[in-house]
Amino acid sequence: MAEVTLTNITKRFGDFTAVDDVSMDIEDGKFTVLVGPSGCGKTTTLRMVAGLEEITEGEIKIGERVVNRVPPKDRDIAMVFQNYALYPHMDVYNNMAFGLKLRKTPKAEIKSRVHEAAELLGIEDKLKSKPRELSGGQRQRVAVGRAIVRNPKVFLFDEPLSNLDAKLRVQMRTELEQLHHKLRTTTVYVTHDQVEAMTLGDRIAVMKDGVVQQYAPPQETYDHPTNQFVAGFIGSPAMNFLAATVSRRDGTVVLAGTGFELALPAHRSRDALPERVILGVRPEDLDGPSPDGDDAITLTVSVTEQLGHSLLVYGDVDEAQVVASLDPHRKVEIDSTIHLRVNLDTLHVFDPETMETLV
Amino acid sequence: MEAETKRRKLFARLFHSLRRTAVGRLVARVCRLVWHWLRSIRWRSWAFVAPALVLIGFFLVYPTVVTVARSFFGRGVQLFGPKVHFVGLDNWQFVFTNEIMLTALRNNALWAVLFTTGTVGFGLILAVLLDRVRYEKVVKSIVFIPAAISFVGASIVWKFIYAYRPANLEQIGALNAVVVALGGEPVGWLLQRPWLNNILLIVVGIWMWTGFCMVIFSAAYKNIPKQLLEAARIDGANEWRVFRRIILPLLAPTASVVATTMVVQVLKVFDIVYVMTNGNFSTEVIANRMYKEAFLYGNYGRASAIAVVLLILIVPFMILNIRRFAAQERGR
Amino acid sequence: MMNAKKLIAKTPLHVAIFVFAAIWAIPTLGLLITSFRDPASIAGSGWWTIFPRLLSGGQYSLENYVGVIYSEGLGRSFLNSLIISVPATAISTFIASFAAFGFAWMGFTGRRTLFMVVVGLMVIPLQMTFIPILPIYNKLGLHGTFPGIWLAHTAYGLPLTTYLVHNFMAGIPKDLFDSAAIDGASPLRTFWNIVMPISIPALASVFIFQFLWIWNDLLVSLVYLTAQKSVAPLMLSIANLVTNRGQDWELLTAAAFVSMALPLVVFFSLQRYFVRGILAGSVKG
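Parameters and conventions
- Every chain's residues receive numbers from 1 upward, in the order its sequence appears when written.
- Both sets of labels track the order of writing: A upward for chains, 1 upward for ligands.
- Only residues with pLDDT of at least 70 get local features here, since the model is predicted, and only at 80 or more are side-chain atom pairs given and counted; chain-wide, interface and lining totals rely on the full set of residues.
- We count a stretch as a helix when DSSP gives it H or I for four or more residues in a row; a strand needs E for two or more, and each element gets its number in order from the N terminus.
- Put plainly, a residue is buried at 20 or more neighbouring C-beta atoms within 10 Å of its own, exposed at 12 or fewer, and partly exposed in between, counting only other residues' C-beta atoms, which are placed from the backbone.
- We call two residues in contact whenever the C-beta atoms placed from their backbones are within 7 Å.
- Whether two strands pair depends on DSSP finding at least two bridges between them.
- Helix axes are fitted only over the stretch in contact, all axes being lines through C-alpha atoms; the angle between N-to-C directions runs from 0 to 180 degrees.
- Domain start and end points were adopted from an automatic or database domain assignment.
- What is called the bend at a residue is the angle between a pair of axes, fitted to the seven residues leading up to and ending at it and to the seven starting from it.
- Side-chain classes follow a simple rule in which Ala, Val, Leu, Ile, Met, Phe, Trp, Tyr, Cys and Pro form the nonpolar group, Asp, Glu, Lys and Arg form the charged group, and the remainder, Gly included, forms the polar group.
- Roughly parallel refers to an angle under 35 degrees, roughly antiparallel to one over 145, roughly perpendicular to one between 65 and 115, and oblique to any angle outside these ranges.
- Each helix crossing is assigned a hand: it is left-handed if the near helix lies turned anticlockwise from the far helix by less than a right angle, otherwise right-handed if that turn is clockwise.
- Nonpolar cores are built from buried Ala, Val, Leu, Ile, Met, Phe, Trp, Tyr and Cys residues. These are joined into a set through C-beta atoms within 7 Å.

Observations concerning the overall build of chain A
Link 1 in the chain: The number of helices and strands found in chain A is eight helices and 20 strands.
Link 2 in the chain: Counting only C-alpha atoms, chain A reaches 75 × 45 × 35 Å along its principal axes.
Link 3 in the chain: Counting the 359 residues in chain A, one finds 40% classified as buried.
Link 4 in the chain: Of the contacts formed within chain A by residues at least 6 apart in sequence, a portion of 64% connects residues at least 24 apart.

So, in structure tokens, the structure goes:
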């Protein structure tokens with residue numbers, strides 16, 4: 001068990017900066033998720049922690065030890081890859097035992113560790129099979145098993161569930177959660193799927209263009225995103241963004257745009273606001289009828305999608321498409337004009353230039 | 001004990017004061033540089049490729065360079081001994097003016113054109129035709145078998161077919177048997193200079209290597225999505241059109257690779273000519289000539305020049321290969 | 001009805017293919033038949049004349065083969081060919097594997113350029129190499145010895161073999177190497193315990209390809225070995241046979257078949273690997 005500390009980590013490939021001045025403290029035993037769109041630098045960061053990429057600038061510590069120059073095999077880490085990276089010519093047992101054999105672990109101990117891990121993952125009966133005889137989910141379990149038997153200080157996961165079909169993904173996700181609960185090993189997990197990030201992470205780091213946008217517990221990134229990117233990335237369906245102008249009335253801030261005029265409650269009104277802002281409202285925060293149009297957004301319905309647990313209503317406001325997640329029993333007609341009440345306590349206001357959250 | 005500690009302290013003091021001098025610092029820096037340089041050479045990487053590089057260096061690179069130089073020197077067994085004089089362009093003059101050499105050059109050109117056209121052409125046609133029948137695999141094997149046979153074996157096979165018996169005797173060579181059956185006179189095929197016997201030798205080569213080209217073309221052809229061809233057929237194109245306008249262009253890159261491979265092979269043709277005619281009856285080729293000059297007549301200078309001619313002929317294709325290869329690697 | 005129509009429409013196709021197949025098969029067939037006939041019959045009638053009496057046993061014999069193997073010493077030559085081909089191919093494939101791995105997965109300055117040079121050397125005519133090497137061989141006493149020709153064949157085959165093996169090794173997924181690095185495998189371990197086992201199919205193809213090439217070779221044997229029966233490989237002996245006994249078809253045909261026997265067996269039993277070997281080098285993707 002150990003903490004992982006990244007200090008001012010930068011990675012450059014020639015002129016291109018893949019990771020830009022990233023600093024993070026990952027506490028011992030915590031599950032940290034690096035999440036973001038492809039190319040945001042999350043995998044590169046992970047590989048630097050693993051020792052598979054050289055660090056251009058900055059320092060990485062595992063425990064108390066600076067590991068910048070330490071080769072991967074001496075960092076006491078284990079990694080699970082997106083494509084499993086199982087050795088095709090070895091059976092499952094040997095795949096899992098390989099690392100231990102190289103470390104001259106006594107045979108008896110290898111045996112017990114492999115069997116223990118296999119039991120934990122439900123693959124004891126597959127120990128003599130070769131990878132090509134296994135299904136995707138089983139291969140992934142072997143990959144995880146290979147990491148477990150090493151008893152490392154840190155687990156590193158590189159998009160391990162991306163190659164599985166949706167149903168299997170959900171199942172493996174819960175299994176990983178249970179595993180973490182049992183083993184309590186410090187884990188760094190990379191994914192592009194924000195659902196995985198939200199469900200698995202103790203803290204998530206949302207990355208974009210090599211920069212960590214926000215590093216916080218999942219709920220916080222949902223409730224209090226630090227900028228528009230995080231706000232739009234976390235949460236599904238994504239937050240709606242509308243252009244709005246700011247004016248003041250009776251000391252409160254009023255945001256106005258096509259189809260809406262909203263007065264912010266007093267405790268949320270700020271003084272220093274630019275004239276033009278971006279208003280952010282989550283689909284689930286648009287609900288309830290508002291017959292008089294107060295505190296509401298007006299839109300013309302273009303599409304509805306019945307999901308069973310909610311009704312997604314799509315409408316156009318200006319050129320932007322707005323999505324609302326309503327009670328599934330609501331009756332909404334296409335091409336009708338509806339007013340949806342906005343939850344004024346949870347809406348966000350962003351600076352259109354800097355993208356930062358203002359309110 | 002005390003003396004020991006005293007000595008150590010003195011030494012340490014000396015050492016530290018030395019370090020502070022400019023010389024000391026310089027030495028330290030140099031040492032550090034050398035150390036880092038040594039560490040940065042990836043010894044292990046070089047260890048992996050070293051055996052291959054050594055062998056290639058000795059057997060391919062070094063001799064090539066030396067042979068080029070040697071072509072400017074005279075005959076003689078030794079490489080660069082006292083008996084071997086510089087003769088300038090004498091050998092080269094021989095290469096380009098001697099009658100037999102000119103015949104050889106002409107023949108190699110003939111080989112290059114006919115052999116390449118034959119193997120590539122037949123290979124392509126067979127690949128396309130065979131794809132349409134169910135017994136494809138069987139015929140493919142039949143056509144490919146000669147590729148597994150040695151040149152020596154093939155030469156015997158065809159020498160037998162070209163065999164000649166005077167008209168009053170039964171023919172035992174298949175070709176003459178056909179000719180006689182059709183009412184003609186038997187012919188000593190391999191004696192028919194200057195064109196026919198060369199062509200008959202080239203036939204042997206084509207017989208051997210068409211299978212090789214066919215296999216490659218077949219793989220490339222099967223890579224063409226069937227829907228492409230079906231769409232064309234539905235659009236109204238007849239088979240010939242489909243072949244000309246779709247199949248051929250798509251196979252052109254493969255054909256280019258195969259053709260260069262074939263040309264490079266055929267410029268070096270030796271075995272067939274050596275076994276069947278040994279270059280007589282104006283069937284001589286460059287490789288055979290080089291062998292004779294070196295090992296029969298002992299004229300190493302001339303032989304080197306002839307070898308260099310071969311190299312010169314092949315260099316354009318080497319460059320083509322490398323360029324193509326580099327483009328591939330870049331795309332990786 | 002439809003099928004008959006199809007059959008008729010396809011007749012030209014079948015005829016054309018049949019002609020091709022015939023041209024390709026007949027020469028070898030003629031050779032095979034002749035090798036079982038006695039000298040008198042061969043001189044007296046063409047081999048195609050046996051067809052009416054195909055199954056009457058009396059006209060066949062193994063005399064020619066016996067003669068060629070024992071009196072003409074081709075049995076010894078066959079062994080020599082084995083002694084030459086197997087070690088040379090094994091060493092060549094082995095060294096090429098190391099080099100291919102180094103070029104594919106280990107970084108060092110000039111790696112790419114060096115590799116392209118090695119591959120480019122594939123086309124160098126062997127004639128360029130004989131004259132400078134022979135004096136050195138003579139001095140070292142390697143001329144006319146098996147080790148001498150092993151080295152020569154190995155070196156000559158390295159560019160192509162390295163290229164083919166490299167083709168395969170470069171395609172191994174990178175994360176396998178990452179995993180090995182994390183597991184703690186040194187480059188040598190990774191090479192020996194992971195890459196080589198995975199490469200076995202490719203190595204098999206390369207091995208067979210190279211083996212047949214060396215088995216069928218004439219030129220290198222001519223240059224590096226004397227025609228002494230004790231070391232002469234099959235091709236060399238047979239070539240001499242053609243020069244000396246050019247009209248003795250009973251011997252030549254049997255000899256030809258002795259030389260073809262092994263390649264044909266290898267070809268038929270391992271066709272897959274052989275073809276894959278060719279394709280690996282030539283068709284991209």
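Here's the deal with the overall build of chain C
Link 1 in the chain: Helix and strand content of chain C: 13 helices and zero strands.
Link 2 in the chain: Element order for chain C, N to C, with α for helix and β for strand: α-α-α-α-α-α-α-α-α-α-α-α-α.
Link 3 in the chain: The burial tally for chain C puts 50% of its 285 residues in the buried class.
Link 4 in the chain: The long-range share in chain C, meaning contacts at least 24 apart out of those at least 6 apart in sequence, stands at 79%.

A closer look at the interface of chain C and chain B
Link 1 in the chain: Taken together, the 76 residues of chain C in the interface contact 81 residues of chain B.
Link 2 in the chain: Considering each element in turn, the side of chain C that touches chain B owes the most residues, 13 residues, to helix 1 (residues 2-34) of chain C.

Points about helix 1 (residues 42-50) of chain A
Link 1 in the chain: Summarising burial for helix 1 of chain A: nine of the nine residues are buried, a large majority.
Link 2 in the chain: Here helix 1 of chain A has its buried residues at Lys42, Thr43, Thr44, Thr45, Leu46, Arg47, Met48, Val49 and Ala50 of chain A.

Focus: the sheet that holds strand 5 (residues 65-66) of chain A
All names here are of chain A.
Link 1 in the chain: The four strands lie next to each other as 2-1-4-5, forming an open sheet whose pairing is antiparallel. In the strand order of this sheet, the two ends are held by strand 2 (16-26) and strand 5, each with one partner.
Link 2 in the chain: The sheet contact formed by strand 1 (residues 4-13) and strand 4 (residues 57-62) spans five bridges and is antiparallel. Looking across to strand 4, one finds that threonine 7 is bridged to glutamate 59.
Link 3 in the chain: Against the sheet, helix 1 touches strand 1, strand 2 and strand 4, its axis set at about 115° to strand 1.

A closer look at the domain arrangement of chain A
Link 1 in the chain: Segmenting chain A into domains produces domain 1 (4-228) and domain 2 (240-350).
Link 2 in the chain: Inter-centroid distance (C-alpha atoms) of domain 1 of chain A to domain 2 of chain A is 39 Å.

So, the sheet that holds strand 9 (residues 203-208) of chain A
All names here are of chain A.
Link 1 in the chain: Pairing is mixed across the open sheet formed by six strands, whose spatial order is 6-7-8-3-9-10. The open sheet terminates on both sides in strands that have one partner only, identified here as strand 6 (77-80) and strand 10 (211-216). Neighbour to neighbour, the strand axes of the sheet diverge by 15° on average, direction disregarded.
Link 2 in the chain: Pairing analysis gives five bridges linking strand 9 to strand 10, with the strands arranged antiparallel.

Details of helix 7 (residues 146-169) of chain C
Link 1 in the chain: The axis of helix 7 of chain C is deflected most strongly, by about 50°, at leucine 158 of chain C, and proline proline 159 of chain C appears within four residues downstream.
Link 2 in the chain: Of all 24 residues making up helix 7 of chain C, 20 are buried, and the element is well covered by its neighbours.

Looking at the interface of chain C and chain A
A common measure of how large an interface is: the accessible area buried when the components associate.
Link 1 in the chain: At the interface, 14 residues of chain C touch 17 residues of chain A.
Link 2 in the chain: Sorting the residues of the side of chain C that touches chain A by element identifies helix 8 (174-183) and helix 9 (187-215) of chain C as the ones contributing at least two each.
Link 3 in the chain: Each residue belonging to the side of chain C that touches chain A can be placed in one class, and the counts come to eight nonpolar, two polar and four charged.

Digging into the packing of helix 7 (residues 151-161) of chain B against helix 9 (residues 196-222) of chain B
Residues and elements named next belong to chain B.
Link 1 in the chain: Contact geometry for helix 7 and helix 9: axes closest at 10 Å, N-to-C directions at 130°. One finds that helix 7 runs oblique with respect to helix 9. Pair helix 7 / helix 9 crosses with right-handed handedness. Contact with helix 7, carried on its side by Ala154, Ser155 and Trp158, involves Val204, Trp207 and Met208 of helix 9 and no other residues of that element.
Link 2 in the chain: Taken together, the residues of the contact of helix 7 with helix 9 sort by class into five nonpolar, one polar and no charged.

Let's talk about the environment of aspartate 131 of chain B
Residue and element names in this part refer to chain B.
Link 1 in the chain: Its location among the elements puts aspartate 131 in the loop between helix 5 (99-130) and helix 6 (136-148).
Link 2 in the chain: With 13 C-beta atoms counted inside 10 Å, the residue aspartate 131 sits in the partly exposed group.
Link 3 in the chain: Considered as a pair, aspartate 131 and tyrosine 221 are 90 residues apart in the sequence and their alpha carbons are 8.6 Å apart.
Link 4 in the chain: In contact with aspartate 131, not counting residues within four places along its chain, are Glu136, Tyr221 and Lys222.

Considerations on the nonpolar core
Link 1 in the chain: In terms of nonpolar packing, the biggest core is built from 264 residues, with Leu156 of chain A together with Ala255 of chain C touching the most fellow members.
Link 2 in the chain: Ranked by the residues each element gives to this core, the list is headed by helix 9 of chain B, at 14 residues.
Link 3 in the chain: With residues up to four places along the chain from it excluded, the contact list for alanine 255 of chain C reads Val68, Leu74, Ile238 and Leu241 of chain C.

Quick notes on the packing of helix 2 (residues 92-102) of chain A against helix 3 (residues 107-121) of chain A
Residue and element names in this part refer to chain A.
Link 1 in the chain: Here helix 2 crosses helix 3 at 135°, and the two axes come no closer than 10 Å. The angle between helix 2 and helix 3 places the two elements in the oblique class. Where helix 2 crosses over helix 3, the two elements pack in a sense that is right-handed. Contacts between helix 2 and helix 3 pair Tyr93, Met96, Ala97, Leu100 and Lys101 from the former with Ile110, Arg113, Val114 and Ala117 from the latter.

What about unusual backbone geometry?
Residues and elements named next belong to chain A.
Link 1 in the chain: With an omega of 0°, the peptide bond between serine 236 and proline 237 qualifies as cis.
Link 2 in the chain: Considering the arrangement of structural elements, one finds proline 237 in the loop between helix 8 (228-233) and strand 11 (240-249).
Link 3 in the chain: Phi angles above zero are rare outside glycine, and asparagine 8 is one such case at about 50°.
Link 4 in the chain: Note on placement: asparagine 8 falls in strand 1.

Examining the arrangement of the chains
Link 1 in the chain: Sorting the two pairs of chains in contact by contact count puts chains B and C at the top.
Link 2 in the chain: There is no contact between chain A and chain B; across them, the least C-alpha separation is 14 Å.

A look at the pairing of strand 13 (residues 260-263) of chain A
Residues and elements named next belong to chain A.
Link 1 in the chain: Where burial is concerned, the two faces of strand 13 differ: the one with Phe260 and Leu262 is buried and the one with Glu261 and Ala263 is not.
Link 2 in the chain: Relative to strand 13, strand 12 (residues 252-257) runs antiparallel, the two being bridged by four bridges. In the strand pairing of strand 13, alanine 256 is matched with glutamate 261.
Link 3 in the chain: The turn joining strand 12 and strand 13, which pair antiparallel and follow one another in sequence, is formed by two residues; a positive phi near 85° is taken by glycine 259.

Some details on the environment of threonine 300 of chain A
Link 1 in the chain: The topology assignment puts threonine 300 of chain A in strand 16 (residues 296-306).
Link 2 in the chain: Ignoring sequence-local partners within four residues, the contact set of threonine 300 of chain A consists of Gly315, Asp316, Asp335 and Thr337 of chain A.

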